[in-house]
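Topology and contacts: notes
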Amino acid sequence: MSHRDVHNPFLFEIAWEVANKVGGIYTVIKTKAPVTAHEFGDRYTLIGPLAYKTAAAEVEAEKVTNPHMKEILDEMTSQGVKWMYGRWLIEGAPHVLLLDTNSIADRLDSWKGDLWNVAGIPSPPNDQETNDAILFGYLVGWFLGDFVAREKKKAVIAHFHEWLAGVAIPLLRKRRTDLTTIFTTHATLLGRYLCAGSVDFYNNIQHFSVDEEAGKRGIYHRYCIERGAAHCCDVFTTVSQITAFEAEHLLKRKPDGVLPNGLNVVKFSAMHEFQNLHARNKEKIHNFVRGHFYGHYDFDLDNTLYFFTAGRYEYRNKGVDMYIESLSRLNHRLKACNSPMTVVAFIVMPAATQSFAVEALKGQAVTKQLQETVKDITEKIGQRIFDKAARYTGGDISRAVINPSELLTNEEKILLKRRVIALKRNSLPPIVTHNMIDDGSDPILNQLRRLQLFNHPSDRVKVVFHPEFLSSNNPLISIEYEDFVRGCHLGVFPSYYEPWGYTPAECTVMGVPSVTTNLSGFGGFVEEILEKSSDYGIYIVDRRLKSVDESVEQLADCMLQFCQKSRRQRINQRNRTERLSDLLDWKVLGMEYVRARKLALHRAYPDSFAGSESGGFDQQKVKIPKPLSAPASPRIRGGNVSVDDLTSNMQQLGYEDDEYPFPPFPLIVKRPNSERDLLT
């Protein structure tokens, strides 16, 4: 490696989901880009595939200003490569370079042969995803190799995400390209495939024959790309400790560090504002519930809680099986204790459907008609009351007040009766809002049937399976996903395989309590930083050391305890949950990426850092203590009076256990200088 300026390096971030929404990595790249663009400015460029369907809406094309980059792209154009360069239309507006893999498809066979000769990576003929990864990898390697050859002063960092972008890493290593590379795996290929089957993954992870298992599942060539990228990069990272444990055994290299996924957190100027958002969006969910359960809408919405789970339809990996089983047990427990609470549990996961269910659409229509009729009658009643009062000219004041029997006309009574009769139905409210293509073999519906969760009037847990992503254009639940989350009371994500877990993280940022597991990356992250996460509204179910039945019982216990909270306690808990949002901000978690880049530069250019430390990932973590408004732990009691005693004494005097503003730790108490200070 030559001597380069390591203090002002160029950064290229490469991923298949740059300006190309496919999965969760799109969210990672998009939300992190503003922080990185602020740090690097014009020295930061994202590289991804050119998807013509979405590129026009994602990127604003502009001229290439970097002279080296312009020379390279002009040369690539002369050899048939099509590309698009511009600004990604997101916050921070970073530079993006999108490469069209189809424009150079005629070189696929020769590049496949070269990949086998250079890295020993095989590639079957009919795997389109792998073919695209190879074409994309060679285009990225071509571009970066030429850029480094022209830019000789500044260091160059290339950060690759996932195996689809990883083909270029062994190529750059073999060609001895003068740059440093970082590879981040967000979930190992083999791990995802193994967990999708009925495999006790975490207890047997040390004993898998990885080559054999990958071969059985027809992904050996993809596994070779991923493993080659992990071993040839300068710095290897994952998104969580649980994924690092997985990568060490499946990819045979221990990651250098963990890069947790963050979010762009928008803080409210006043604490009550996000509580107001919860109330407004909850009312939108109320409207759906009134329509969906018409004819059997006999429960009080003031005593109704909304639980939900959402994400890709991975029945076992996402823990939907455990969620439904726990709902069944919660239903029996709420019945047994005669609880006044009703739980409406949503399952929002896209599946193959034919159309909206007629019964679901009818419910929304008849309740909307009733609402419009009542609104129209109410306006007329108000006008009659006003007209009667306005005509008062003196005398008996009672003549200015309309008789209650005159409020409704006969026509209005008949119309109102017709609307009410239309609400009658003989069937139970549907458990699914759509007509499924394969209703008989759908695992979610089959489990709901087996557990007899049919939305019977006696059930205290009602279930709504919505097999489609939420949007404001939805005729049933006309609400965006973010607003839906804000309107719910609890998110439940008991995942078995979850490298990170954006859904509970999003709940935390929006001040919504959630349930996760210690097998998810987010759950492990929370356990590291919080002494007792449940005090902050994040419940962690143990799926690693407990049996399945014990984990289901623990989840049912968590949900039952939540149902037993008072409204004030739920408000307090949402306040505490929202306080944690700063910990998930990219302004905080982005520092891990800074450390990864520093470590990569250290390894590639050690002479440029003579006498300084390598800047590894080992950071001393200090756990956040429980909130001051939570019940005290026995270990902090002191003297003859404990915090618990003080709390009970204050409650006896009529004070509520409310949230109080408090300064950050440690508290600094000024010593009084005089007796007068003591009195004041």
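Check the entry above for the structure.
Residues numbered from 1 in each chain as written. Predicted model: local features only at pLDDT ≥ 70, side-chain atom pairs only at ≥ 80, totals over all residues. Heavy atoms only, no water.

**Concerning the overall build of the protein chain**
Along its length, the protein chain carries 24 helices and 17 strands. The buried share of the protein chain, taken over its 680 residues, is 52%. Once local pairs closer than 6 in sequence are excluded, the contacts in the protein chain between residues at least 24 apart make up 74%. A total of about 32,200 Å² of accessible surface is found on the protein chain, and carbon and sulfur atoms cover 52% of it. (Helix = DSSP H or I, 4+ residues; strand = E, 2+ residues; numbered from the N terminus. Buried < 20%, exposed > 50% of the residue type's maximum accessible area, 1.4 Å probe, protein only. Contact = heavy atoms within 4.5 Å. Areas by Shrake-Rupley, 256 points an atom, 1.4 Å probe, with all protein chains shown as cover.)

**Some thoughts on the side chain of His 286**
Structurally, the position occupied by His 286 is in helix H12 (residues 272-292). With residues up to four places along the chain from it excluded, the contact list for His 286 reads Leu 301 and Tyr 306.

**Topic: unusual backbone geometry**
The residue Ala 93 is not glycine, and still its phi comes out positive at about 45 degrees. Within the secondary structure, Ala 93 is located in the loop between strand S4 (83-88) and strand S5 (95-99). Phi is positive for Glu 162, close to 70 degrees, though the residue is something other than glycine. Relative to the assigned elements, Glu 162 resides in the loop between strand S6 (154-161) and helix H6 (168-174).

**Some thoughts on the sheet that holds S6**
The strand order S3-S4-S5-S2-S1-S6-S7-S8-S9 describes an open sheet built from 9 strands, whose pairing is mixed. Of all strands in the sheet, those with a lone pairing partner are strand S3 (59-61) and strand S9 (257-258), marking the two edges. Here strand S2 (residues 44-49) runs beside S5; their pairing, made up of 5 bridges, is parallel. Across the sheet, Gly 48 pairs through a bridge with Leu 98, a residue of S5. Docked against the sheet, helix H1 (residues 24-40) engages strand S1 (5-14), S2, S4 and S6, running at close to 155 degrees with respect to S2. Strands in contact with helix H22 (residues 586-604) are S1, S6, strand S7 (180-185), strand S8 (235-238) and S9; relative to S7, the strand with the most contacts, it is inclined by about 140 degrees. (Pairing = 2+ DSSP bridges. Axes fitted to C-alpha atoms, helices over the stretch in contact; angles between N-to-C directions.)

**Let's talk about helix H18 (residues 502-509)**
Counting buried residues in H18 gives 7 out of 8 residues, a clear majority hidden from the surface. Considered for burial, the residues of H18 that qualify are Tyr 502, Thr 503, Pro 504, Ala 505, Cys 507, Thr 508 and Val 509. One or two steps after H18, the chain reaches Gly 511, where phi turns positive at roughly 75 degrees.

**Points about the pairing of S4**
Pairing between S3 and S4: 3 bridges, direction antiparallel. By the bridge assignment for S4, Glu 60 is matched with Arg 87. Relative to S5, S4 runs antiparallel, the two being bridged by 5 bridges. Each bridged residue has a counterpart across the sheet, and for Met 84 the counterpart in S5 is Leu 98. The turn joining S4 and S5, which pair antiparallel and follow one another in sequence, is formed by 6 residues; a positive phi near 95 degrees is taken by Gly 92.

**What to know about the nonpolar core**
Counting residues in hydrophobic clusters, the biggest one holds 72 residues, and the most contacted among them are Phe 12, Ile 14, Phe 143, Leu 144, Phe 160 and Phe 201. When residues in this core are grouped by element, the largest group, 12 residues, is from helix H5 (residues 128-150). Both domain 1 (5-258) and domain 2 (272-356 + 430-584) contribute no fewer than three residues apiece to this core. Setting aside its immediate chain neighbours within four residues, Phe 12 contacts Thr 45, Ile 47, Met 69, Phe 143, Leu 144, Phe 147, Val 156, Ile 157, Ala 158 and His 159. Ala 33, Val 59, Met 84 and Phe 525 belong to the second largest nonpolar core, which has 54 residues in total. (Core = buried A, V, L, I, M, F, W, Y, C linked by side-chain atoms within 4.5 Å. Domains from an automatic or database assignment.)

**Things to note about helix H19 (residues 521-529)**
Where H19 is concerned, the buried positions are Gly 521, Phe 522, Gly 523, Phe 525, Val 526 and Ile 529. Buried positions along H19 lie against helix H11 (241-250), H18, strand S16 (514-517), strand S17 (538-541) and H22.

**Some remarks on the packing of helix H4 (residues 108-119) against H5**
Here H4 crosses H5 at 80 degrees, and the two axes come no closer than 10 Å. The angle between H4 and H5 falls in the class roughly perpendicular. In this structure, H4 uses Leu 108, Trp 111, Lys 112, Asp 114 and Leu 115 to contact H5, whose residues at the interface are Asn 131, Ile 134, Leu 135, Tyr 138 and Leu 139. (Parallel < 35°, antiparallel > 145°, perpendicular 65-115°, else oblique.)

Purely geometric numbers; function is a separate question.
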